[in-house]
Amino acid sequence: MSEKEHDMTNVGGESVTYTLRNIPADIDRMITDLANHARKPKATFLREFLEESFRDVIDSFSLKNPLIASLDEELACYLGAEVMEKRFQSHYITRSNQEYQKLLGISTEDELRRVVLNNTPYLQVRAAQVLKGWSRIPRGISLTFSLFAEIAGRDRETIDRAWNRIFYSQLQEKKHRFYQDIEAIRALKKLPVLSGYRWTKDDITVRIYRPEDYAYGAWRVVLTLPENYDIQMWNIPFPELESRRFTADPGYSVLISAEPDRWDQAFRFVDGTCELHLYTNGVEEDQNPTPLPDVAQALLKVVAYNLL
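For every chain, the first residue of the written sequence is number 1, and numbering continues from 1 onward in sequence order. This being a predicted model, a pLDDT of at least 70 is required before a residue's local features are given, and a value of 80 or more before pairs of side-chain atoms are given or counted; all residues contribute to the totals for chains, interfaces and linings. Hydrogens and water are ignored here; the side-chain numbers use all heavy atoms of the structure.

**Some details on the overall build of the protein**
Okay, step 1: What counts as a helix is a DSSP run of H or I of at least four residues, what counts as a strand is a run of E of at least two, and both are numbered from the N terminus. Within the protein one finds eleven helices and twelve strands.
Okay, step 2: Buried residues in the protein amount to 39% of all 308 residues.
Okay, step 3: We call two residues contacting when some pair of their heavy atoms lies within 4.5 Å. Considering only contacts within the protein whose residues lie at least 6 apart along the sequence, 64% involve residues at least 24 apart. For every residue, the accessible area (1.4 Å probe, protein chains only) is compared with the maximum for its type, and the residue is labelled buried under 20%, exposed over 50%, or partly exposed between those bounds.

In structure tokens:
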């Protein structure tokens, strides 16, 4: 097809007529054969094919389904925000919705409804990840969050494709945050970590992993508390471990006074989460006398002692 024209005639504001020229003869024969096989006029067959190929079932469901409207209001209440009256659309949203449909194999509203119902328990977690501090939230956002939570429960290949096709950014921090958010929801779903290791005790979770751009011996640590501690912030001393050194990320780092005129580095939780760096100190990682499982158990112990 070398040229496409579209007739701007609009019937009742609900349809547009397209005129297509220069379609190769072999393609026309194939369309004719397929239409005959389907026992439909060629124009009807092509129209239905276009509708099926380009229909945005996600956008339609988001707009008219009362379940989504109700969940949006619940999220707004949780965030102390309000739902926007105006609905925003763009080709970026449409493209993302098409990618979601392909990745998750979604073609009907019944399939979307199942996705929403299965992932409703994770909507507030996703809202805390991306909407904290917002005073107004977009309509239909609960459906978007449900799709993200559904992606989080899929295999590594699907999650990587979601990053590359929907969420991709050249900023390394954006990639780090995407997979961090995915891992947080996977932990709630009791699914294996995508990378690194995870330990849990008394509903406190420690995840230790090495990002792609980190040298061997440098690790990221994410601590997560059970929900009943989400709004609390404590100052917790780092456990003293042979040949290990901790630093807390900005926002999680604090100082505590262990004795008069002495201040030590410590960490705290914000909204039930704490992020740290862990290093091997003075020796190679393979020779470290404090292996990662021991680090995790020491962190679980010190958190439980201070919080529980």
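The rest of the description comes next.
**Observations concerning unusual backbone geometry**
Okay, step 1: Even without being glycine, D202 reaches a positive phi, approximately 50°.
Okay, step 2: Among the secondary structure elements, D202 is positioned in the loop between β5 (197–201) and β6 (204–209).
Okay, step 3: Of the residues examined, D202 reaches a relative accessible area of 48% and is grouped as partly exposed.
Okay, step 4: A positive phi angle is found at D271, which is not glycine, with a value near 55°.
Okay, step 5: For D271, the location among the structural elements is in the loop between β11 (262–267) and β12 (273–280).
Okay, step 6: Since its relative accessible area comes to 41%, D271 is described here as partly exposed.

**Focus on the environment of R165**
Okay, step 1: Structurally, the position occupied by R165 is in helix α9 (residues 156–167).
Okay, step 2: Residue classification places R165 among the partly exposed residues on the basis of a relative accessible area of 33%.
Okay, step 3: Between the alpha carbons of R165 and S96 there is a distance of 7.9 Å; along the sequence they are 69 residues apart.
Okay, step 4: Look past the residues within four positions of R165 in its chain and what remains in contact with it is R95, E99 and L103.

**Thoughts on the packing of helix α3 (residues 57–64) against helix α6 (residues 109–119)**
Okay, step 1: The N-to-C vectors of α3 and α6 enclose an angle of 65°; their axes lie 10 Å apart at closest approach. Put simply, α3 runs roughly perpendicular to α6. Two packed elements cross with a definite hand, and for α3 against α6 that hand is right-handed. Along its contact with α3, which presents V57, I58, S60, F61 and K64, the element α6 presents E109, L112, R113 and V116.
Okay, step 2: Each residue gets one label: Ala, Val, Leu, Ile, Met, Phe, Trp, Tyr, Cys and Pro are nonpolar, Asp, Glu, Lys and Arg are charged, and the others, such as Gly, are polar. Grouping the constituent residues of the contact of α3 with α6 by class yields five nonpolar, one polar and three charged. Between the N-to-C directions of two axes lies an angle of 0 to 180 degrees, each axis being a line fitted to C-alpha atoms and, for a helix, fitted only over the stretch in contact. Note that the term roughly parallel is reserved for angles under 35 degrees, roughly antiparallel for angles over 145, roughly perpendicular for angles of 65 to 115, and oblique for everything else. A clockwise turn of the near helix away from the far one marks a right-handed crossing, whereas an anticlockwise turn of less than a right angle marks a left-handed crossing.

**Describing the sheet that holds strand β8 (residues 236–237)**
Okay, step 1: One bridge is not enough; two strands pair if DSSP finds at least two bridges between them. With respect to topology, three strands assemble into an open sheet ordered β8-β11-β10, the strand pairing being antiparallel. Edge strands, defined here as strands with exactly one partner in the open sheet, are β8 and β10 (253–259).

**What about the sheet that holds β12?**
Think of a sheet as strands paired side by side through backbone hydrogen bonds, with each pair either parallel or antiparallel.
Okay, step 1: Strand order in the open sheet formed by five strands is β5-β6-β7-β12-β9, and the pairing between neighbours is antiparallel. Of all the strands in the sheet, the pair left with one neighbour each is β5 and β9 (244–248). Recorded for the sheet is a direction-independent mean angle of 25° between the axes of neighbouring strands.
Okay, step 2: The pairing of strand β7 (residues 218–224) with β12 spans seven bridges and is classified as antiparallel. If you follow W219 over to β12, its bridge partner there is L278.
Okay, step 3: Contacting β5, β6, β7 and β12, helix α10 (residues 172–188) crosses the sheet at an angle of about 140° to β6.
Okay, step 4: Across the sheet, helix α11 (residues 292–307) is in contact with β5, β6, β7, β9 and β12; its angle to β6 comes to roughly 150°.

**Quick look at the packing of aromatic side chains**
Okay, step 1: Only Phe, Tyr and Trp rings are paired, with Trp represented by its six-membered ring, and only when their centres lie within 6.5 Å; those with planes under 30 degrees apart are stacked, over 60 edge-to-face, the remainder tilted. Applying the stated criterion across every chain, the model contains 13 aromatic pairs.
Okay, step 2: Between W163 and F178 the ring centres are 5.4 Å apart and the planes differ by 40°, which places this aromatic pair in the tilted class. Taken together, the positions of W163 in helix α9 and F178 in helix α10 put the pair 15 residues apart, joining distant regions of the chain.
Okay, step 3: For F178, a relative accessible area of 5% translates into the label buried.
Okay, step 4: The structure contains a cluster of three or more aromatic residues connected by ring pairs, namely Y100, F148, W163, F167, Y168, F178 and Y179.
Okay, step 5: Any Lys NZ or Arg CZ found within 6 Å of a ring centre and within 35 degrees of that ring's normal is scored as a charge over the ring. Over the ring of F148 we find R126, and its NZ or CZ is 3.5 Å from the ring centre.
Okay, step 6: Here R207 stacks its cationic end above the ring of Y209, 3.7 Å away from the centre of that ring.

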